[in-house]
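Next come the chains, spelled out residue by residue.
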Amino acid sequence: AQSVTQPDIHITVSEGASLELRCNYSYGATPYLFWYVQSPGQGLQLLLKYFSGDTLVQGIKGFEAEFKRSQSSFNLRKPSVHWSDAAEYFCAVGAKNNDMRFGAGTRLTVKP
Amino acid sequence: GAGVSQSPRYKVAKRGQDVALRCDPISGHVSLFWYQQALGQGPEFLTYFQNEAQLDKSGLPSDRFFAERPEGSVSTLKIQRTQQEDSAVYLCASSPRPASNQPQHFGDGTRLSIL
């Protein structure tokens, strides 16, 4: 079965600084990869997704992610973080049986 | 509304009581998913429906958990004889087509607290 590891439980960055959130997946075939964001008391909102093709995908709110098959990674990046980006971020991998597995999440704190 | 709607938003029950959680998916969405999210964790898959058919219930933690979607739209997750370890946020998600590359649209969840 597929699985996802997000190595960083909590990350703090200053507003305006760049951000990279790490995600490593395990899956035997070409994965479907997703990043979601969750604000307190809210459901998950899709930031971006990768299915095939260009390994650098653009998402909403200025986020991007790069799929690296050799490293089994799908790291999320943003060049300049805004205070409103503070939230919990989840990486997920989907398999052909419609079973989606989520990582444990990375909590982002943004310092003024 | 345009999104996935879950009710109630908050539910407090005493240990041993039965609870029912409701999910209204986006109209026309074929696929419906239930997840359990413990505090500080990512969502854990519980069960999946394609229309009214429950195609995967491998994530249900025990036979106290039961889900249905009788008319292929609204779904109910029922937990019988609740235990303290059932305390979590229960998320519902839907997607338009039964394909693994379809992004899932999430509701805001039901926060269940078992006393």
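Check the entry above for the structure.
All residue numbers refer to positions counted from 1 along the written sequence of the respective chain. Starting at A for chains and at 1 for ligands, labels are handed out in the order in which the entities are written. This being a predicted model, a pLDDT of at least 70 is required before a residue's local features are given, and a value of 80 or more before pairs of side-chain atoms are given or counted; all residues contribute to the totals for chains, interfaces and linings. Derived side-chain values reflect all non-hydrogen atoms in the structure, with water molecules and hydrogen atoms excluded from consideration.

### A word on the overall build of chain A
- By the criteria applied, helices consist of DSSP H or I runs no shorter than four residues and strands consist of E runs no shorter than two, each listed in order from the N terminus. Each helix and strand counted, chain A has zero helices and twelve strands in total.
- For chain A, the N- to C-terminal ordering of α and β elements is β-β-β-β-β-β-β-β-β-β-β-β.
- In summary, chain A has a C-alpha radius of gyration of 13 Å against a globular reference of 13 Å for 112 residues, a match within 12%.
- Seen through its principal axes, chain A has C-alpha atoms that stretch 40 × 30 × 20 Å. Our radius of gyration is a C-alpha quantity, and the globule rule it is checked against amounts to 2.2 Å times the number of residues to the power 0.38.

### Examining the packing of aromatic side chains
- Whether two aromatic rings pair depends on their centres lying within 6.5 Å, for rings of Phe, Tyr and Trp, where Trp uses its six-membered ring; planes under 30 degrees apart make the pair stacked, over 60 edge-to-face, and the rest tilted. This structure, assessed with the given rule, holds 16 aromatic pairs over all chains.
- An aromatic cluster is present here, built from A:Tyr32, A:Phe34, A:Tyr36, A:Phe51, A:Phe102, B:Phe33, B:Tyr35, B:Phe45, B:Tyr48 and B:Phe106 joined pairwise through their rings.

### Some words on the environment of B:Gln84
Residues and elements named next belong to chain B.
- Structurally, glutamine 84 is set in the loop between strand S8 (75-79) and strand S9 (88-95).
- For the pair glutamine 84 and proline 96, spaced twelve residues apart in the sequence, the C-alpha separation amounts to 34 Å.
- In what follows, a contact means two residues having at least one pair of non-hydrogen atoms within 4.5 Å. When residues no more than four places from it in sequence are discounted, the contact partners of glutamine 84 are Arg15, Ile114 and Leu115.

### Here we look at the interface of chain A and chain B
- Listed per partner, the contact involves 21 residues of chain A and 21 residues of chain B.
- A side-chain nitrogen of Lys or Arg and a carboxyl oxygen of Asp or Glu constitute a salt bridge if their distance falls within 4 Å. Scanning the region where chain A abuts chain B turns up zero salt bridges.
- Here a polar contact means two N or O atoms within 3.5 Å. Within protein one must be a hydrogen donor candidate and the other an acceptor candidate, and residues neighboring in sequence count only if both atoms are side-chain atoms. Our count for the contact surface shared by chain A and chain B stands at four residue pairs in polar contact (both at pLDDT 80 or more).
- When contributions to the side of chain A that touches chain B are tallied by element, the ones reaching two or more residues are strand S5 (32-38), strand S6 (44-50) and strand S11 (100-102) of chain A.
- Think of it as three bins: nonpolar holds Ala, Val, Leu, Ile, Met, Phe, Trp, Tyr, Cys and Pro, charged holds Asp, Glu, Lys and Arg, and polar takes everything else, Gly as well. Of the residues belonging to the side of chain A that touches chain B, the class tally is eleven nonpolar, seven polar and three charged.

### Here's the deal with the nonpolar core
- We define a nonpolar core as any set of buried Ala, Val, Leu, Ile, Met, Phe, Trp, Tyr and Cys residues linked to one another through side-chain atoms lying within 4.5 Å. Partly exposed describes any residue whose relative accessible area lies between the buried limit of under 20% and the exposed limit of over 50%, with all areas from a 1.4 Å probe on protein chains only and scaled to the type maximum. With 26 residues, the main nonpolar core has A:Leu19, A:Trp35, A:Leu47, A:Leu48, A:Phe74, A:Leu76 and A:Tyr89 as its most contacted residues.
- Counting only elements with at least two residues in this core, the list comes to strand S2 (10-14), strand S3 (19-21), S5, S6, strand S8 (64-68), strand S9 (73-78), strand S10 (87-94) and strand S12 (106-111) of chain A.
- Among the elements that make up this core, the one with the highest residue count is S10(A) (four residues).
- If near-sequence neighbours (up to four positions away) are discounted, A:Leu48 is found in contact with A:Leu33, A:Phe34, A:Trp35, A:Val57, A:Gln58, A:Gly59, A:Phe63, A:Glu64, A:Ala65, A:Phe74 and A:Leu76.
- The next biggest cluster of nonpolar side chains, apart from the first, holds 20 residues, and it includes B:Leu46, B:Phe65, B:Ala67 and B:Ala88.

### Thoughts on the state of the cysteines
All names here are of chain A.
- Count a disulfide wherever a pair of cysteine sulfur atoms falls within 2.5 Å. Scanning all chains against the criterion turns up two disulfides over all chains.
- Linked covalently through their sulfurs, cysteine 23 and cysteine 91 form a disulfide whose S-S length is 2.0 Å. Disulfide cysteine 23-cysteine 91: torsion about the S-S bond near -65°, hence left-handed. Remark: cysteine 91 occurs in strand S10 and cysteine 23 occurs in the loop between S3 and strand S4 (24-26); sequence separation between them is 68 residues.

### Some details on unusual backbone geometry
- The residue after B:Ser7, namely B:Pro8, is reached through a cis peptide bond having omega -10°.
- By the element assignment, B:Pro8 lies in the loop between strand S1 (5-7) and strand S2 (10-13).
- Phi at A:Ser72 takes a positive value of approximately 50°, unusual for a residue other than glycine.
- As for its position among the elements, A:Ser72 is in the loop between S8 and S9.
- Under the relative-accessibility criterion, A:Ser72 is labelled partly exposed at 26%.
- The residue B:Asn51 is not glycine, and still its phi comes out positive at about 55°.
- Counting through the fold element by element, B:Asn51 comes out in the loop between strand S5 (44-50) and strand S6 (53-56).

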